[in-house]
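# Examining the three-dimensional arrangement
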Amino acid sequence: MNRKRVLLVLLVVVILAAGYGTLVVRRGFSAADQPSAVEKAMAQTVRNLGIPRSARSMKNPLTITPELLQEGRDSFTNRCAGCHGKDGDGHTGIGPNLYPKAPELRLPATQNLTDGEIHYIIRNGVRLTGMPALGSPRMSEDDNTAWKLVHFIRSISLTTPQQKAEQTATASTAHYVGSAACEKCHAQIYERWKKTPMANVVRDPREHPDAIIPNLATNNVSPKFTKDQVAFVYGRVWKQRYFTKIGDDYYPEPAQWDVTNKMWRPYFVANGTDWWSTLYPPDNMKRPTGPTCDGCHSVNYDIQTKQVAEWNVGCEKCHGPGSAHVEQPTQGNIVNPARMDYISANDTCIQCHSQGRPLNSPIGGKYYDWPVGFHVGLNLQDYWQLEEHNLGQTTFTHFADGTAHKNRMQGNDFVQSVMYRRGVTCFDCHDVHGTDNYAQLRKPVNQICLDCHGSGSRNGPREATLAEHTHHKDGSTGSECVACHMPKVEVTIPGVFVSAHTFAFITPAITDKYKVPNPCTSCHTDKTTAWATDALRHWPERSPWRIE
């Protein structure tokens, strides 16, 4: 009886296999096809059975640090991103066309594997797929690289539904504890963050005697004020402003220090330079900073009490209230923008790095220039409307082509870009925890661009070398990616410019038509737009339709 059952099962298997084979012969076999559920299950089962038990139980021997995680990110970008995407989502030109498909590494199918299993797959690859082995099995250097990749892959896991539910519950009960509470477990990150502009936007000169840069007695552009009148100093990199306290509010003095040019300049928001300027009296001492500034320069500014959980852009500005996490750290009781979808992740930065206005205005009779009520984890669009612009019209926020025409518009620019549409996040390029690079970039500027846009890459440029693409010598200003793709389009104070974040090349023809500064004549100041347009026409790899 048992023998007959076995034979019957084998017969059914043979018939099914023959039927499937016939179907393949008739229809053909394309790597672009989606594998069936049976194939997926079989492939995963065979792969998992091929991992030795001893390898499964291996623990990651490397202690995770910010530096090690960056090394893992670099290795992933160089070795894996072509198929798996820069953040493991598998949305690339190659990944979806493999058979089986390059898996989305952020999902449970990968994240539920043990460290040892992920490490074994990285080191040894997967037969009969596009997954190659990493280096020689006998090289310890490759082994360390594999373990760093394991750490990075763990770091890009998406927040699970259970963790989202826990975060929602935590947000309603947790309270703010201040950045200092994070130092114990995140000492390295905390030390770097303390030195950043984010951590030092607002300084009390009584706590920081060196906070005031100039000699206040030299102020020659407004009525003089003394150190005793300065409750807070705002800024120290490009310009510095001074705020005096009257009652529960702070007000800006009518003078600011130009750090770059080392001189005093008047400070007053004139009509036509901000949407709220006509809604407040034309007097700095009647324009409190609570509605206009403090919501972005603090953690959890309360518009009723006018109190903050912490001045400056502290940890909880981006990670939410941390009391539960400090008491018992889990991934579910703290927000990590790196584990959010790209829209929510970018909104963590856009909430302050954009020009807009609240959906409801005024609030309590006051006009706020920041998204009142929003905190990380909520939907920014429910609280904040980016400044609108009409193509062909130059306003105080936008040039006629839609490029930023004002400071603090990185978000307005970025959401228009192809980079944003492809899921790139602000912190793919910047590390707000602090780096030694300009603008807290993760790497020197050209290096970070060329990680994804190396010569001959699918993302461009198409040319074999950078010099062929830029038509400028290597190492020159003109060969820097940002020179053409992030031109300095707007002056905030003389010598200090805002860089465009659309990443689009602004042609000289656009300058002629819409008066938007272009990178060619902004650098070659002795030349005309006609000269620049003619030069571009002689670059043989440039489409003529993208020059006009």
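What comes next is a walk through the structure. (Residues numbered from 1 in each chain as written. Predicted model: local features only at pLDDT ≥ 70, side-chain atom pairs only at ≥ 80, totals over all residues. Heavy atoms only, no water.)

## Concerning the overall build of the chain
Looking only at helices and strands, one finds 23 helices and 11 strands in the chain. Each principal axis of the C-alpha atoms in the chain carries an extent, and together these give about 105 × 65 × 45 Å. Scored against the burial criterion, the 548 residues of the chain give a buried share of 42%. Per element, the accessible surface of the chain, about 30,100 Å² overall, is 57% carbon and sulfur. Looking at charge distribution, the chain has the averaged site of its 58 positive side-chain charges lying 7 Å from that of its 53 negative ones. (Helix = DSSP H or I, 4+ residues; strand = E, 2+ residues; numbered from the N terminus. Buried < 20%, exposed > 50% of the residue type's maximum accessible area, 1.4 Å probe, protein only. Areas by Shrake-Rupley, 256 points an atom, 1.4 Å probe, with all protein chains shown as cover. Lys, Arg positive; Asp, Glu negative; His and termini not counted. Charge placed at Lys NZ, Arg CZ, Asp CG, Glu CD.)

## Quick look at the packing of aromatic side chains
Inspection of every chain in the model, using the stated rule, returns 19 aromatic pairs. Both rings, one in Tyr250 and one in Trp311, keep their centres 5.9 Å apart while their planes meet at 90°; by these two values the pair is edge-to-face. Residue Tyr250 is found in strand E4 (residues 249–258), and its partner Trp311 is found in strand E7 (residues 310–311); the two are separated by 61 residues along the sequence. Taken together, a centroid distance of 6.4 Å and an interplanar angle of 80° make the contact between Tyr280 and Tyr367 edge-to-face. You can see Tyr280 sitting in the loop between strand E5 (263–266) and helix H11 (289–294) and its partner Tyr367 sitting in the loop between strand E8 (356–358) and strand E9 (384–386), a full 87 residues away along the chain. What makes Tyr367 partly exposed here is its relative accessible area of 21%. (Phe/Tyr/Trp six-rings, centres within 6.5 Å; stacked < 30°, edge-to-face > 60°.)

## A word on the pattern of salt bridges
Applying the stated criterion to the full structure yields 21 salt bridges. Here Arg106 makes a salt bridge to Asp87, at a shortest N to O gap of 3.8 Å. With a gap of 19 residues between them, Arg106 in the loop between helix H5 (81–84) and helix H6 (108–111) and Asp87 in the loop between H5 and H6 connect regions that are remote in the sequence. Residue class for Asp87 comes out buried when judged on its relative accessible area of 16%. Of the charged contacts, one joins Arg106 and Glu104 as a salt bridge, the two residues approaching to 2.6 Å between their closest N and O atoms. A residue is classified by how much of its surface remains accessible, and Arg106, at 14% relative accessible area, is buried. One network of salt bridges, with partners in common, ties together Arg73, Lys86, Asp87, Glu104, Arg106 and Asp428. (Salt bridge = Lys/Arg side-chain N within 4 Å of Asp/Glu carboxyl O.)

## Observations concerning the sheet that holds strand E1 (residues 202–203)
Read across the sheet, 5 strands follow the order E1-E2-E3-E4-E5 without closing on themselves; strand pairing throughout is antiparallel. The open sheet has two edge strands with one neighbour each: E1 and E5. Note: strand E3 (residues 239–246) against E4, 7 bridges, orientation antiparallel. Bridging across to E4, Arg241 finds its partner in Gln256. (Pairing = 2+ DSSP bridges.)

## Structural notes on the state of the cysteines
Scanning the model with the defined rule gives 1 disulfide in all. Covalent S-S linkage joins Cys296 and Cys352, the inter-sulfur distance amounting to 2.5 Å. Taking the torsion about the sulfur-sulfur bond, which here is approximately -100°, the covalent link between Cys296 and Cys352 counts as left-handed. Of this pair, Cys296 sits in the loop between H11 and strand E6 (298–299) while Cys352 sits in the loop between helix H14 (342–350) and E8, and the two are 56 residues apart along the sequence. Judged on exposure class, the residue Cys296 and its partner Cys352 are both buried. Cys83 provides the cysteine sulfur closest to Cys80, a residue in no disulfide bond, and the two sulfurs are 8.8 Å apart. What makes Cys80 buried here is its relative accessible area of 18%. (Disulfide = S-S within 2.5 Å.)

## Regarding the nonpolar core
Ranked by size, the top nonpolar core spans 20 residues in total, and within it Phe76, Ile118, Ile122, Leu149 and Ile153 carry the most contacts. Counting residues per element, the ones that place at least two in this core are helix H4 (66–79), helix H7 (115–124) and helix H8 (140–155). Top element by residues in this core is H8. It accounts for 6 residues. Aside from chain neighbours lying at most four places away, what touches Leu149 is Gly72, Ser75, Phe76, Cys80, Ile122 and Leu134. The next biggest cluster of nonpolar side chains, apart from the first, holds 11 residues, and it includes Ile212, Val230, Val233 and Trp264. (Core = buried A, V, L, I, M, F, W, Y, C linked by side-chain atoms within 4.5 Å. Contact = heavy atoms within 4.5 Å.)

## Things to note about the environment of Gly93
Structurally, the position occupied by Gly93 is in the loop between H5 and H6. Taking the C-alpha atoms as reference points, Gly93 and Ile51, 42 residues apart in sequence, are found 29 Å from one another.

## Details of H4
Taking 1.5 Å as the rise per residue, H4 with 14 residues should run 20 Å; its terminal C-alpha atoms sit 20 Å apart, in good agreement. For H4, the set of buried residues is Leu68, Gln70, Gly72, Ser75, Phe76 and Thr77. (Expected span 1.5 Å × (residues − 1).)

## Considerations on unusual backbone geometry
Generally, phi is negative for residues other than glycine and the peptide bonds are trans, each holding for most cases. For the bond running from Tyr99 to Pro100, omega is 5°, close enough to zero to count as cis. Tracing the chain through its elements places Pro100 in the loop between H5 and H6. The peptide bond linking Gly460 to Pro461 adopts the cis configuration, its omega dihedral lying at 5°. Tracing the chain through its elements places Pro461 in the loop between helix H18 (445–450) and helix H19 (466–470). Positive phi is not limited to glycine here, since His471 has a value of about 60°. Overall, the relative accessible area of 33% leaves His471 in the partly exposed class. The phi torsion at Phe503 lies on the positive side, around 65°, for a residue other than glycine. With relative accessibility at 24%, the residue Phe503 sits in the partly exposed group.

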